[in-house]
Amino acid sequence: MMKKTRTFQRWKWGTMLFLLMFMTKQTMAISVTVLSNNTNYGVVIGGGNYTAGQTCVLTATESSNCGFSRWVKIEGEEETIVSTTREYAFVVTEESVYKAYFYPSWNGTQKSGEYTLDNDVTLVNNVALDGNLTIYIGANGPKTIHRGPRWSMFYVNGDYKLTMIGTEQDSIFIDGGAEFNIPGDARSGLRSGVNGSSITGFMIRLLNKSSLDLQFVVLQNNYVDATDNAGMISAENKSGEWRDFRMTDCTIRGSLCRRNGSAMNFVENCMYDAYLTRVKVYKCYSIGDYYGSEGGTIRCYGGTASKMTIDNCEICYNKTGGSGSGGGVAWYGGGHADAFLKIIGNTKIHHNYARASGGGIQTGAKAEILSAEIYENETEGNGGGISIHSYNGPQREYGGQGVVFVMDENVSIHDNVARYDGGGVYIQLFGGNYVGFGPNGQLVDAECRIEIKNGGQIYGNTALRGGGLCLDDEMPLKHYAYGKWSDEYIRSVIVSGGIIHGNKALTSSFGNVSYGGGFFINKNRGSLTPTYDFENGGGAGTLTVSIMGGDIYDNYAQQGQNSSGNGYGGAFAIIDQFKENNTYPSSCNVEIKGSVEIYDNRSDKDGGGFYLNSANLTLDGGLVGVLNHPNVSDGGNGGGICVSGGNFIMNDGVFSYNQAKKTGSTGGNGGGFYVTGGTVSVEGGTIAHNKAEADGGGFYVNVTDASVTTTIKSGAQINDNEAANGGGAYINQGKLRI
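Here the structure is a predicted model, which means the values were calculated and not measured. (Residues numbered from 1 in each chain as written. Predicted model: local features only at pLDDT ≥ 70, side-chain atom pairs only at ≥ 80, totals over all residues. Heavy atoms only, no water.)

Enquirer: Please provide a residue-by-residue account of the overall build of the protein, values included.
Expert: Across its full length, the protein carries 1 helix and 80 strands. When the 738 residues of the protein are sorted by exposure, 57% land in the buried category. Intrachain contacts of the protein at a sequence separation of at least 6 include 81% that bridge at least 24 residues. Only carbon and sulfur atoms are counted for the fraction: they give 45% of the accessible area of the protein, which is about 28,200 Å². (Helix = DSSP H or I, 4+ residues; strand = E, 2+ residues; numbered from the N terminus. Buried < 20%, exposed > 50% of the residue type's maximum accessible area, 1.4 Å probe, protein only. Contact = heavy atoms within 4.5 Å. Areas by Shrake-Rupley, 256 points an atom, 1.4 Å probe, with all protein chains shown as cover.)

Laid out in structure tokens, this is it:
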């Protein structure tokens, strides 16, 4: 019995010791320190010692004519915002330090310093900054800054920064005071829809060395009646030094201006690194009843090296009228190699309209579209979704940056409409006479590269030529200026992935010939003929088109409304106008290879799949036509591909199940492919199950020179093709070597 009693006592004392240690730990004081950034502006209570699990309530009380901004938690050198309300409650788990920020209330007269916006303010004068000015939303809910009687609301001229910071719950509103009824037709006169305030002008004007940072700010109801460039925000830093332009979680809505950039305008020669994050811009109009108008939302003209990144934004229901371009965005970037337009973060650009070109976007900068949806935009000119121009004109002294257009995964350009060229995308290489030269005649790089890769999609777009995409190439091989020739101007088109489908090239009252339901390339001599001096190093320049991956299907070059019209190249068409009457050598080379699949495309004339005029084609792989999904030429020649005036080489790949149909006695030749006016060499690959209602089920060769030889080598497989004459092949004149 004694032994048992001693054992129980040892257990009892051990348990008590454990409980004592546990209770001591639970009742240990945990320090919570609270601070005020300035006790003249406000005081705080709630700090002290707490036990773990206890709720701590911090309270901030501002002084007269001051406002509370935020509570932050301090950890080392870092401060993290934890609340924007005066009272903040949390469960204590560890020692911690919190600080409340108070500032004087901003009343519309202070021009520098840090303040809170605690009440609505109507400006008596414009706010011309004389230092950095930061305005935080106070704790009294959302507040509005109203326009006063002066032209500019905020005027920043010097090495100053204007910062406005609202919160997700409570934004800062900047109101221009204009009430208007938007004209249904963007071509209508500007003033016909405007009522309300007669005072107009910029909301924010940024001049030399100035910077901007807006967070959770709403700019609204502005009217700029100016014959010069204008917008809610006018960015004019011409200092030659980079400055930041940042907008985060902002909204811009309801703006009319008479000329350019209704929401924001970046003027000629300005230098900004602009970054928009989660910004929504809608119902902004550059009507253009004075000169042209560009950039219904955002416009940059001739920026020395201006950059723009648009990240997870929405730009919609904006318009340009007059002769305006860029219904949503007009970003030229200034013709400098460092300029770019980058669109990322699943940005959405939709339902914008431009009278001249670029329904959604007009740009002359390098354009990288890495994550975006661009849809249901419209123009009466070129580029329903996007229009890109190699920049010339006033910025020619910078040498021109050419065009780099990269379309990556998570990108879709769909259901856009252009009256003329490029329903989804239009790209123009316009050379001028100075591209390739710097301001002192030094040589600079100039490149055109168009790349579609990694699953990006162009679909459901409509235009007269190039329903999905149109490249208009007016660039020569070299330019002659400053007494010398430039380096060669390099250009390439690469389709390494992606999907181009359901696009239409559609004839209408504006043209009776459509080209390239999916994709159209026009090498156009334009007005630049004097620069093409072959004997002294000039020339047309070579364009290389590499189609090596992805799917190109269900595109249509359609007769449309015009009963006498023709459609060439259901999926793809290319015309080389440099090669006229054999004066110049062909300067276009198209190669099909890799895993690309081209099927279910249709034309109302030649080239159900592809149509090449005065361009060469090499087939090293790929699949042209599949079972139950043929490419079809209806009333023309070349069910799969038609090559007119160029050479054709087939080393590998498959032509199968393509069809060339007749309309009356017209067409129906070359079920797989049709070549006229060039040489043909079939050295490998498979040509099978193709059908021609007239001649040449597998392929048809038509040459005017009887000495030209068509070659078929043993590595090629030609079988199970069907035609009225020449089921496998039909050779019209010339020689055949097997």
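Enquirer: Now, about the sheet that holds strand 7 (residues 87-91): what can you tell me, with residues and values included?
Expert: Taking strand neighbours across the sheet as the criterion, the 3 strands line up as 2-4-7 in an open arrangement whose pairing is antiparallel. Bordering the open sheet on either side are strand 2 (42-45) and strand 7, each of which pairs with just one other strand. In this sheet, neighbouring strand axes are inclined to one another by 15 degrees on average, regardless of whether the strands run parallel or antiparallel. (Pairing = 2+ DSSP bridges. Axes fitted to C-alpha atoms, helices over the stretch in contact; angles between N-to-C directions.)

Enquirer: Which residues make up the sheet that holds strand 5 (residues 66-75), and what values do they have?
Expert: Reading across from one edge, 3-1-8-5-6 is the order of the 5 strands in this open sheet, with mixed pairing throughout. A single partner strand is all that each edge strand has here, and the edge strands are strand 3 (48-50) and strand 6 (78-83). On average, each strand axis in the sheet is inclined to that of its neighbour by 30 degrees, with strand direction left out of account. Across 3 bridges, the pairing between strand 1 (residues 30-36) and strand 3 is antiparallel. Bridging from a neighbouring strand, S31 pairs with N49 of strand 3.

Enquirer: With reference to specific residues and values, describe the packing of aromatic side chains.
Expert: Counted under the stated rule, the structure contains 25 aromatic pairs. Centroid distance Y101 to Y103: 6.3 Å. Interplanar angle 20 degrees. Geometry classified as stacked. Through pairs of rings, three or more aromatic residues link up here, namely F245, F266, Y272 and W331. R70 extends its terminal NZ or CZ atom over the ring of Y101, reaching a point 4.2 Å from the ring centre. A cation over a ring is seen here: K307 above W242, with NZ or CZ 4.5 Å from the ring centre. (Phe/Tyr/Trp six-rings, centres within 6.5 Å; stacked < 30°, edge-to-face > 60°. Lys NZ or Arg CZ within 6 Å of the ring centre and 35° of its normal.)

Enquirer: Any chance you could break down the pattern of salt bridges for me, citing the residues and the numbers?
Expert: Summed over all chains, the structure comprises 18 salt bridges. One salt bridge connects R465 with D421, and the closest N-O pair in it is separated by 2.9 Å. With R465 in the loop between strand 47 (462-463) and strand 48 (469-473) and D421 in the loop between strand 43 (417-418) and strand 44 (425-429), this pair connects stretches of sequence that are 44 residues apart. Residue R465 is classed as buried on the basis of its relative accessible area, which comes to 19%. Look at the salt bridges and you will find they share partners, linking D159, K209, E241 and R243 into a network. (Salt bridge = Lys/Arg side-chain N within 4 Å of Asp/Glu carboxyl O.)

Enquirer: Which residues make up the side chain of S633, and what are the values?
Expert: For S633, the location among the structural elements is in strand 66 (residues 632-634). With a relative accessible area of 0%, S633 lands in the buried category. When near neighbours in sequence (up to four residues on either side) are disregarded, S633 contacts S603, K605, G607, G608, G638, G639, Q659, A660 and K661.

Enquirer: Any details on the nonpolar core? Residues and values, ideally.
Expert: Counting residues in hydrophobic clusters, the biggest one holds 114 residues, and the most contacted among them are W106, F154, I233, F245, M247, F266 and F405. Formed by 16 residues, the second largest nonpolar core is a distinct cluster that contains V32, L58, A60 and A100. (Core = buried A, V, L, I, M, F, W, Y, C linked by side-chain atoms within 4.5 Å.)

Enquirer: Provide a residue-level description of the confidence of the model for the protein, including the pertinent values.
Expert: Averaged over every residue, the pLDDT of the protein is 83; the share at 70 or more is 79%. Here residues 392-399 scores under 50 on pLDDT; set against residues more than four positions off or in separate chains, the count is 27 contacts. (pLDDT = per-residue confidence, 0-100.)

Enquirer: Outline the pairing of strand 6, listing residues and values.
Expert: One ladder, built from 5 bridges, connects strand 5 with strand 6; its direction is antiparallel. Its bridge partner lying in strand 6, K73 is registered against T80. The antiparallel hairpin formed by strand 5 and strand 6 contains 2 residues in its connecting segment, where G76 sits at a positive phi of about 65 degrees.

Enquirer: Before we move on, could you go through the environment of F340 and cite the residues and values that matter?
Expert: For F340, the position within the fold is in strand 33 (residues 340-344). Separated by 27 residues in sequence, F340 and A367 place their C-alpha atoms 5.9 Å apart.

Enquirer: Explain unusual backbone geometry residue by residue, including any values.
Expert: For N221, which is not glycine, the phi dihedral falls at a positive 60 degrees. One non-glycine residue, S614, lies in positive phi territory at about 65 degrees. With respect to the secondary-structure elements, S614 resides in the loop between strand 64 (610-613) and strand 65 (616-624). The exposure class of S614 is buried, given its relative accessible area of 8%.

Enquirer: An account of the pairing of strand 40 (residues 386-389) is needed here, citing residue identities and associated values.
Expert: Side chains I386 and I388 project from strand 40 onto one buried face, and the interleaved S387 and H389 project onto a second face that is buried too. Here strand 40 runs beside strand 44; their pairing, made up of 4 bridges, is parallel. Bridge pairing links H389 to Q428 in strand 44.

Enquirer: Outline the environment of E376, supporting the account with residue identities and numerical values.
Expert: The topology assignment puts E376 in the loop between strand 38 (372-375) and strand 39 (378-379). Once the C-alpha coordinates of E376 and C316 are considered, the two residues, 60 residues apart in sequence, prove to be 9.7 Å apart. With near-sequence residues (within four places) excluded, E376 lies in contact with H350, H351, N352, H414, D415 and N416. There is a polar contact of 3.0 Å between the side chain of E376 and the side chain of H351. (Polar contact = N/O pair within 3.5 Å; in protein donor to acceptor, adjacent residues only side chain to side chain.)

Enquirer: If you had to explain the environment of N132 to someone new, which residues and values would you point to?
Expert: As for its placement among the helices and strands, N132 is situated in the loop between strand 11 (127-128) and strand 12 (133-137). Separated by 27 residues in the primary sequence, N132 and D159 have C-alpha atoms spaced 8.3 Å apart. The residues touching N132, leaving out its near neighbours within four places in the chain, are S112, G113, D159, Y160 and K161. Within the structure, N132 has its side chain in polar contact with the backbone nitrogen of K161 (distance 2.8 Å).

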